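# Summary of the model geometry
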Amino acid sequence: MPELPEVETVARSLGRRLAGRSVIDIAERTPGVLSISCQTGLPELPARFRGAARHGKFLFLQWGGGQTLVVHFRMTGSFYFRRPEDNPQSHTHAEFRLDSGETLSYRDPRRFGRLMWLGAKEMKSNNPARELGPDVLGLSRKGFVEAIQPHARMMKALLLDQGILAGLGNIYVDEMLHRAGVHPRTLSNRLSKNRLGLLWEGMREVLEEAIERGGSSIRDFTDVSGEPGNYQDAHRVYGRAGKPCLICGTAIKRIVIGQRGTCYCPKCQRR
Ligand SMILES: [Zn+2]
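For the structure given in this document, a descriptive report is provided here. All of these numbers come straight from a predicted model, not from anything done at the bench.

### Remarks on the pattern of salt bridges
All chains considered together, the criterion is met by 16 salt bridges. The residue Glu8 makes a salt bridge to Arg12 at a minimum N-O spacing of 2.8 Å. Linking Glu8 with Arg12, this pair stays in helix H1 (residues 4–17), spanning 4 residues, or about one helical turn. You can call Glu8 buried: its relative accessible area is 13%. Assessed through its relative accessible area of 43%, Arg12 is described here as partly exposed. Between Glu209 and Arg179 there is a salt bridge, with the nearest N and O atoms lying 3.1 Å from each other. With Glu209 in helix H6 (residues 193–212) and Arg179 in helix H5 (residues 170–180), the pair connects residues that are 30 residues apart, well separated along the chain. A residue is classified by how much of its surface remains accessible, and Arg179, at 19% relative accessible area, is buried. Three or more residues are tied together by salt bridges with common partners; here these are Glu8, Arg12, Arg54 and Asp135.

Here it is, written out as structure tokens:
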């Protein structure tokens, strides 16, 4: 599933590719993947691109008239650009025709992703991201500590809870816990302010490195030009069960917490 660095990578490349463009038509190819919710029931087209933003794992493409395309990629959703002379790729469910002649096309083999085209009013009432906690990349050290401290839960589960902190998923939680030397089963109220501060530092490091490297290409993630990221080559624990810890050489262990596979180093991350 694309996590924060992958969605950020897509937001940045779409921000560049869509600059100056307008959507002139919207084609729904598979019913149910795209929902349109505007006052009149129809998008106001043409709509000029205003910018791309991200909150947690949600992507927001903003268009003229206060309209927003809200996207959640879930497992296998992605965008690509299609020229009129090319056929759509398989599993293409919705297309946004641009004034350049190209389409911004959404494909999703497993079809769990969601697209919502919202009018300005609906963006206030129906925005699915309004239930989320603060985006982790926007949090200061103090803000991060304050978001975690009121809770008494296992760190792994708490960090994955999008209502508390938005943007982290399985990969980056495992990686940041390893950087900070925190066992994934540690209860959040057992960590001092100082340890939580170190965890915030580990999180920033991991997320910033991952964004710089175009994200992690797990399950064929690519950015909108089809370029894969390469942060998966830098993972220290995620997907490395049984392999030696890059810090101390101990074999990485895999356990299950809240139904999520969790990799950690038993020596670097003691309880
Ligand atoms: Zn280790």
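So, next bit.
### A few points about the sheet that holds strand E6 (residues 78–82)
Read across the sheet, 9 strands follow the order E2-E9-E5-E4-E3-E1-E7-E8-E6 without closing on themselves; strand pairing throughout is mixed. Strand pairing shows two members of the sheet lacking a second neighbour, strand E2 (34–37) and E6, which therefore form its edges. Strand after strand, the sheet turns through a mean of 25 degrees between neighbouring axes, direction not considered. Across 5 bridges, strand E1 (residues 22–28) lies against strand E7 (residues 92–98) in antiparallel orientation. The partner of Val23 across the bridge, within E7, is Leu98. Of the strands in this sheet, strand E3 (47–55), strand E4 (58–63), E6 and strand E8 (103–107) are in contact with H1, which crosses E3 at around 160 degrees.

### A word on the packing of aromatic side chains
How two aromatic rings sit relative to each other is given by the distance of their centres and the angle of their planes. Per the stated rule, a full pass over the model turns up 7 aromatic pairs. For the pair Phe73 and Tyr106, a centre-to-centre distance of 6.5 Å together with 20 degrees between the ring planes defines the contact as stacked. Taken together, the positions of Phe73 in the loop between strand E5 (67–72) and E6 and Tyr106 in strand E8 put the pair 33 residues apart, joining distant regions of the chain. Take Phe73: its relative accessible area is 4%, and that puts it in the buried class. Seen from their ring centres, Phe79 and Tyr106 are 5.5 Å apart, and the 65 degrees between their planes marks the pair as edge-to-face. One end of the pair, Phe79, is in strand E6; the other, Tyr106, is in strand E8, with 27 residues separating them in the sequence. Residues Phe79 and Tyr106 agree in their burial class; the two are buried.

Thresholds, definitions, all that
Residues numbered from 1 in each chain as written. Predicted model: local features only at pLDDT ≥ 70, side-chain atom pairs only at ≥ 80, totals over all residues. Heavy atoms only, no water. Salt bridge = Lys/Arg side-chain N within 4 Å of Asp/Glu carboxyl O. Helix = DSSP H or I, 4+ residues; strand = E, 2+ residues; numbered from the N terminus. Buried < 20%, exposed > 50% of the residue type's maximum accessible area, 1.4 Å probe, protein only. Pairing = 2+ DSSP bridges. Axes fitted to C-alpha atoms, helices over the stretch in contact; angles between N-to-C directions. Contact = heavy atoms within 4.5 Å. Phe/Tyr/Trp six-rings, centres within 6.5 Å; stacked < 30°, edge-to-face > 60°.

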